[in-house]
Amino acid sequence: MTAIQSRPGAPWVGQGIDRVDGPHKVTGTAPYASDVTMAGMLHAVVVTSTIAAGTITKIDTSALLTLPGVRAVFTHENFPRLNTPPVIPFGDTPVAPLQDGRIAFHGQEIALVVADTPQQATEAARLVEVVYAPEPALLDPADGRPEPLSYLPDTHRGDTEAGWAIADVRVGASYRTAENTNNPLGLMGCVAAWDGDHLEMHDTTQWPIALRQTLAAVFGVPESGVRVHVPYLGGGFGAGLNQWAYKLLAAGAARALGRPVKLMLTRPQMFRLVGHRPDSEHQVRLGAARDGTLTMIEHRATSLSSLDHPAVGLLTAGTPQVYACPNVATVERTVRLNRRYPASMRAPGEAEGNWALETALDELAYELGMDPLELRLRNVSSVVHPPSGLPWSSNALVECCKVGAEVFGWSRRDPRPSSMREDGLLIGWGMAAAFYGAYLAMSRARVTVYADGTAAVRAAATDIGTGTYTVITQLAADLLGLSPHQVDFQLGDSDLPAAAQSGGSGLASSLSNAVIDAVTHLHGELLDLVGEGSPLYGLRPDDVVCRDGALCRRDDPATQESIADLLAGQGLLEASGDGRVRLPDPATAGMCHAGGFGARYVEVAIDPMIGRLRVRRVVSVTDAGRVLNPKLARSQILGATVGGIGMALFEETLTDPDTGRVANGTFGDYLLAVSADVPDVEVIFVGEPDRFTPAGTKGVGEIGLVGVPAAIGNAVFHATGRRLRSLPITVDQLVM
Amino acid sequence: MRAFVYDCPDAVDEAVASVAADPQAAFLAGGTTQLDLMKDGVWTPDRLVDISRLPLRGILVESQQLKVGALTTMEQLAAEPVVAQRLMFVREALLAGATVQLRNMATIGGNLLQRTRCRYFRDPTVSACNRRSPDSGCAAVDGVARMHAVLGVDERCIALHASDVAVPLLAVDSTVLVSGPTGQRRVPLSEFWVRADEGPSIENVLGHGDLITEIDVPLLPNGWRSGYLKVRDRASYEFALTSAAVALQMDGDMIADLRIALGGVGSVPWRAREAEEMLRGTHVDPVRFEQAGRAVMASAFTVPGTAFKVDLAVRTLSRQLLTMTEATP
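Residues numbered from 1 in each chain as written. Chains lettered and ligands numbered in written order. Predicted model: local features only at pLDDT ≥ 70, side-chain atom pairs only at ≥ 80, totals over all residues.

K.L.:
Any chance you could explain the overall build of chain B here in plain terms?
P.N.:
When you go through chain B residue by residue, the secondary structure sums to 12 helices and 12 strands. Relative to a compact globule of 329 residues, whose C-alpha radius of gyration would be 20 Å, chain B shows 20 Å and is just as compact. The dimensions of chain B, computed from C-alpha atoms along their principal axes, are 60 × 50 × 35 Å. Burial status across chain B gives 52% buried among its 329 residues. Considering only intrachain contacts with a sequence separation of at least 6, the fraction spanning at least 24 residues in chain B is 63%. (Helix = DSSP H or I, 4+ residues; strand = E, 2+ residues; numbered from the N terminus. Rg over C-alpha atoms; globule rule 2.2 N^0.38 Å. Buried ≥ 20, exposed ≤ 12 C-beta atoms within 10 Å, placed from the backbone. Contact = placed C-beta atoms within 7 Å.)

Shown next as structure tokens:
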């Protein structure tokens, strides 16, 4: 970090300032895709299949065109032919919709009704008559064929069988997690409008650049002519990472009809058409010496996928990385079924894999007669990243564990199950460690300073509620020697410099490093304006900083030139610097780029007579590297904790075994944690800025969820003596 | 867009006549069930007769009973001081039954008439639903069942009546006053609902054009205590997995008299008369409480997803009996 921090109020980074976009949101002036209207705009509603496998033999829509307001009905027989969507990393694209009559899952898009109003389209969509030739659907995971994942190979180090053989204590068990559905408050949808070969789309994507790329390829138009707008979206949790079919449907219909088309999904459609966290099964074996030193870890996992979608996976990605065990093997498979597309959901894979591993470690601790915290501390590899042998760029997991234990009061825990009681309730204390891998993606950013002393940062990023607007504004204010109100961060427009997705907890890290690079280039641009007589003449970009509208010598800030004068001298009104993420090679850098670490401590109270469980206390300690804004980072951990409670106790998207239909796709039937389920959560950050990148951040969006389900499950065991290995843990499993 | 006629009459007779004259007409009160059903395409009336302007709002407190206008909201009834004094389990069921937003819209008459939350019933793309379409089958029996009934059901339909407040209202022998095309009549709640195993497509004894105008709720005598226990997965905003409404009068450590009804288990709110008879005049005995619960649940029809409810209902009742018998009046 290169800013001079002597200004009043600075440094802004590290301060918990309010969201800069907050006033827009609370006054209703923030524009969302659902708010967009255009002259001549039509409304589209998706019709979905009522079988899971087969083909459409007849779909009669002629009668619908006589209904009031109905402008068009598209099916596979008349929808424009589309090019195959490109493959995008972590954003695997579903097959193009309405290209043939094949049905691959219950609830698949099979027709699109376009009308003058959403109500007219909704009613007509209800009346579409379809005749199917059903085929036997592959619905039972036991019937599916496990396949390796293309991007997550099996891993081996050492010899796990030897590690098993020499172990003094061994545990092995199967664990299961349920399908969970991303449920951002904002329904996903878009408005598509064409002008010749130019397409504008207002959407709810978390990744505008990937959507631009997909739309251009699918419709065979230049990428330069496709523009995606997403200044605001109502959350995402990963559901906005993929280039879902609804976007292609709206764009295809708009092109065919020559009018703008708006398409908003319904809540039940959100359970079918924008991804989910798939069900997973895990077999974990652990061996340890009598003193608790791990001798082997084996983690085999399987998740479900759809016929046309490779997988999400990452169930085992974190398993080899945290503990200094010499013998580790991970094997991960996916099983394709006639099911809807899975996708990323907050801490995809890691949340599930951590549940299995950290529950197994708790079982091992009990087999050893050892404190679960002590077992973690004995095995954490805090200096070296075990798979690569390189030093971690940062790792405060031990501190997370110790600080959490201190704040929670862990030393007062009686380890015997069912030993802590209170007014007829069984009290359980559980803990789990957490890890979420580092992720940096290519991002560009442009920083511009103006003659009036203000500045702008521009990048085609999104703020899904995480605080991107705010933290980049803070960072730029420090780098430019300005106050946040003098900096305007513009995002959510694919015509801005290309930026990474809001995903993998990587956007803040990626973007901040691009902004730092852009400011260095801005220094170069400004130095290029300096005349020969200036005391700044001949300095290099790293020798200067911007401060209060002046370009200053870094080592002597009083030596400076007014930026307004520099611009005026050349007849300019602004100067810009473009930057991008510069990714060091870990081997050359001599370190492994670390992700976030954490420790979760949970207290549950269980009424054994009626199986009622309440989470009473959570202490969540996280090493996220540099925390750009502690208020917003705390909000991220709080929200993720709520998600973790939901995953542990409530959330389960159920599928009818015979038909493949989503059985509970509404907010009345699919249970999310409500406020009354969430206790006081103590959020603590520890650790130091990460040394791998200049910004020092490690991401805070997902790590907060990881570890919460295992800590809850481990607390349930402590309370009841009952080891529950399948999520969600519900009332009927807890009556005693 | 599906068109329908909307009427908003001022008088009960007018409203009744309006619905009675049109086989596709229906009353609309708070709308917290009906509008959902219309949006889901499950229920498609051609004429909605909005009764919100009828003079059926308010609570008349008499010495032995409450006369509750059918349009009284859940919130209004919960806030009535006499309910807190003499019908605590009604108040508790109301507060546990819905969020404050819903309580301010939903009416007591409408609450008694709420339709089942069965997701198969509420999805018109599911063809097998004997409740919606007689003799079409029951997708829930072979499907994903959890929020379903185990009493008063069979393989033809396992729809649950999910009301909370109906459970204590039944326990105190409330009566509804009905205005219909043929005049007024009084129906005890114990005879109001029709069990699914007595005909899955018929939910209650109301005929077309019949309108509940009032619910008469007897007050518990002085010296009685009552309470409502609701067991559910999450802490709020969910229907009961099981619930128990218990009112009783103690005589020393003996249960002099009591009333019990169960929720979350029946195709109709379930009066547990067997349990009342087993426990009336007996001493406080947890083993006997459990036996009484088992007697009520003996006739349960379960599917894999609902089997847990039998034991949970027994536990819920036992716990509430323990709480009520231990409490100081």
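Continuing now.
K.L.:
Sorry if this is basic, but what is going on with the packing of helix H10 (residues 468-480) of chain A against helix H11 (residues 507-527) of chain A here?
P.N.:
The description of two helices packed together rests on the angle between their axes and the distance between the axes. Residues and elements named next belong to chain A. With their axes 10 Å apart at the nearest point, H10 and H11 run at an angle of 25° to one another. The orientation of H10 relative to H11 falls into the category roughly parallel. Here H10 runs over H11; the crossing is right-handed. Note on element contacts: H11 touches H10 through Leu-507, Ala-508, Leu-511, Ser-512, Val-515, Ile-516 and Val-519, opposite Thr-468, Val-471, Ile-472, Leu-475, Ala-476, Leu-479 and Leu-480. (Axes fitted to C-alpha atoms, helices over the stretch in contact; angles between N-to-C directions. Parallel < 35°, antiparallel > 145°, perpendicular 65-115°, else oblique. Left-handed = near helix turned anticlockwise from the far one by under 90°.)

K.L.:
Where do I start with the interface of chain B and chain A in this structure?
P.N.:
By a widely used convention, the size of an interface equals the accessible area lost when the partners come together. Listed per partner, the contact involves 23 residues of chain B and 28 residues of chain A. The element that contributes the greatest number of residues to the side of chain B that touches chain A is helix H12 (residues 308-326) of chain B, accounting for six residues. Taken together, the residues that form the side of chain B that touches chain A break down as eight nonpolar, five polar and 10 charged. (Nonpolar A, V, L, I, M, F, W, Y, C, P; charged D, E, K, R; others polar.)

K.L.:
Please clarify how the sheet that holds strand E25 (residues 574-580) of chain A should be interpreted in this entry.
P.N.:
All names here are of chain A. Spatial ordering of the open sheet is given by E21-E20-E19-E25, a layout of four strands whose pairing is mixed. The open sheet terminates on both sides in strands that have one partner only, identified here as strand E21 (487-490) and E25. For this sheet, the mean inter-axis angle between neighbouring strands, taken without regard to orientation, is 15°. Sheet topology places strand E19 (residues 444-450) next to E25; seven bridges connect them, and they run antiparallel. Its bridge partner being in E25, Val-449 is matched across the sheet by Ala-575. Sheet strands touched by H11: E19, strand E20 (455-458) and E25. Its angle to E25, the strand with the most contacts, is close to 140°. (Pairing = 2+ DSSP bridges.)

K.L.:
I tried to follow the environment of Gly-16 of chain A on my own but got confused; where do I start?
P.N.:
Residues and elements named next belong to chain A. When you line up the elements, Gly-16 lands in the segment before helix H1 (22-26). Owing to 14 C-beta atoms within 10 Å, Gly-16 belongs among the partly exposed residues under this scheme. Between the alpha carbons of Gly-16 and Ser-34 there is a distance of 30 Å; along the sequence they are 18 residues apart. The residues contacting Gly-16, other than those within four sequence positions of it, are Asn-629, Pro-630 and Lys-631.

K.L.:
Quick question: what am I supposed to make of the sheet that holds strand E10 (residues 189-195) of chain A here?
P.N.:
Residue and element names in this part refer to chain A. One open sheet holds the seven strands; their spatial order is E3-E5-E1-E13-E10-E11-E12, and the pairing between them is mixed. Each of the sheet's edge strands pairs with one partner strand only, and the pair in question is strand E3 (70-74) and strand E12 (226-229). Strand-to-strand twist of the sheet, defined as the mean angle between neighbouring strand axes without regard to direction, takes the value 20°. Inspection of the sheet shows E3 paired to strand E5 (residues 109-115) by four bridges, in the antiparallel sense. From the neighbouring strand, Val-70 faces E5, where its bridge partner is Ala-115. Relative to the sheet, helix H2 (residues 118-126) contacts strand E1 (42-48), E3 and E5, its axis offset from that of E1 by approximately 25°. Packed on one face of the sheet, helix H5 (residues 245-257) meets E1, E3, E5, E10, strand E11 (198-202) and strand E13 (261-264) and runs near 30° to E10.

K.L.:
Whenever I open this one, the domain arrangement of chain A confuses me. Can you help?
P.N.:
Residues and elements named next belong to chain A. As far as domains go, chain A holds domain 1 (22-30 + 441-582) and domain 2 (394-436 + 593-734). Computed from C-alpha atoms alone, the centre-to-centre distance between domain 1 and domain 2 is 38 Å. Facing the 13 residues of domain 1 at the interface are 16 residues of domain 2. Of all the elements, H11 adds the most residues to the side of domain 1 that touches domain 2, at five residues. Grouping the constituent residues of the side of domain 1 that touches domain 2 by class yields four nonpolar, nine polar and no charged. (Domains from an automatic or database assignment.)

K.L.:
Is there a simple way to explain the pairing of strand E26 (residues 596-607) of chain A in this structure?
P.N.:
On a regular strand, one side chain projects to one face of the sheet and the next to the other, so that they alternate. All names here are of chain A. With 12 of 12 residues buried, E26 lies mostly within the body of the structure. The side-chain alternation of E26 yields two buried faces, one formed by Gly-596, Gly-598, Arg-600, Val-602, Val-604 and Ile-606 and the other by Phe-597, Ala-599, Tyr-601, Glu-603, Ala-605 and Asp-607. Pairing geometry for strand E18 (residues 425-436) and E26, over 11 bridges, is antiparallel. Among the inter-strand pairings, Gly-428 is bridged to a residue of E26, identified as Val-604. For E26 and strand E27 (residues 612-623), the ladder comprises 11 bridges, and the chain directions are antiparallel. By the bridge assignment, Tyr-601 is partnered in E27 with Val-619.

K.L.:
Hey, could you run me through the nonpolar core in this one?
P.N.:
Inside soluble globular proteins, nonpolar side chains tend to come together where they are buried. Residues and elements named next belong to chain A. Within the largest apolar cluster, 341 residues are counted, with the highest numbers of intra-cluster contacts made by Ala-44, Val-113, Ala-250, Ala-476, Leu-511, Val-515 and Ile-712. Looking at this core element by element, the count peaks at 11 residues for H11. There are two domains that each give this core at least three residues, and those are domain 1 (22-30 + 441-582) and domain 2 (394-436 + 593-734). With sequence-adjacent residues up to four places away left out, Val-113 is seen in contact with Ala-44, Val-45, Val-47, Leu-64, Val-70, Val-73, Ala-121, Ala-124 and Ala-125. (Core = buried A, V, L, I, M, F, W, Y, C linked by C-beta atoms within 7 Å.)

K.L.:
Got a minute to help me understand the environment of Leu-152 of chain A in this structure?
P.N.:
Residues and elements named next belong to chain A. With respect to the secondary-structure elements, Leu-152 resides in the loop between strand E7 (146-148) and strand E8 (155-157). Measuring from C-alpha to C-alpha, the distance between Leu-152 and Ala-317 comes to 7.6 Å, with 165 residues separating the pair along the chain. Leaving out residues up to four positions away in the same chain, Leu-152 has contacts with Gly-313, Leu-314, Ala-317 and Glu-332.

K.L.:
Would you mind going over the environment of Ala-162 of chain B with me for this structure?
P.N.:
Residues and elements named next belong to chain B. Here Ala-162 is to be found in the loop between helix H8 (139-142) and helix H9 (166-171). A count of 23 C-beta atoms within 10 Å places Ala-162 in the buried class. Distance in space between the C-alpha atoms of Ala-162 and Met-38 is 19 Å, their sequence separation being 124 residues. Discounting chain neighbours no more than four positions away, the residues touching Ala-162 are Gln-114, Thr-116, Arg-117 and Phe-239.

K.L.:
How should I be thinking about helix H8 (residues 372-379) of chain A in this particular structure?
P.N.:
Within an α-helix, residues lying three or four positions from one another point in the same direction, as the helix has 3.6 residues per turn. All names here are of chain A. Within H8, the full set of buried residues consists of Pro-372, Leu-373, Leu-375 and Arg-376. On an axial view of H8, the arc spanned by its buried residues comes to 160°, and they lie on one face. Close packing links the buried residues of H8 with helix H7 (350-368), helix H9 (397-408), E18 and helix H15 (708-720). (Arc of directions from axis to C-beta.)

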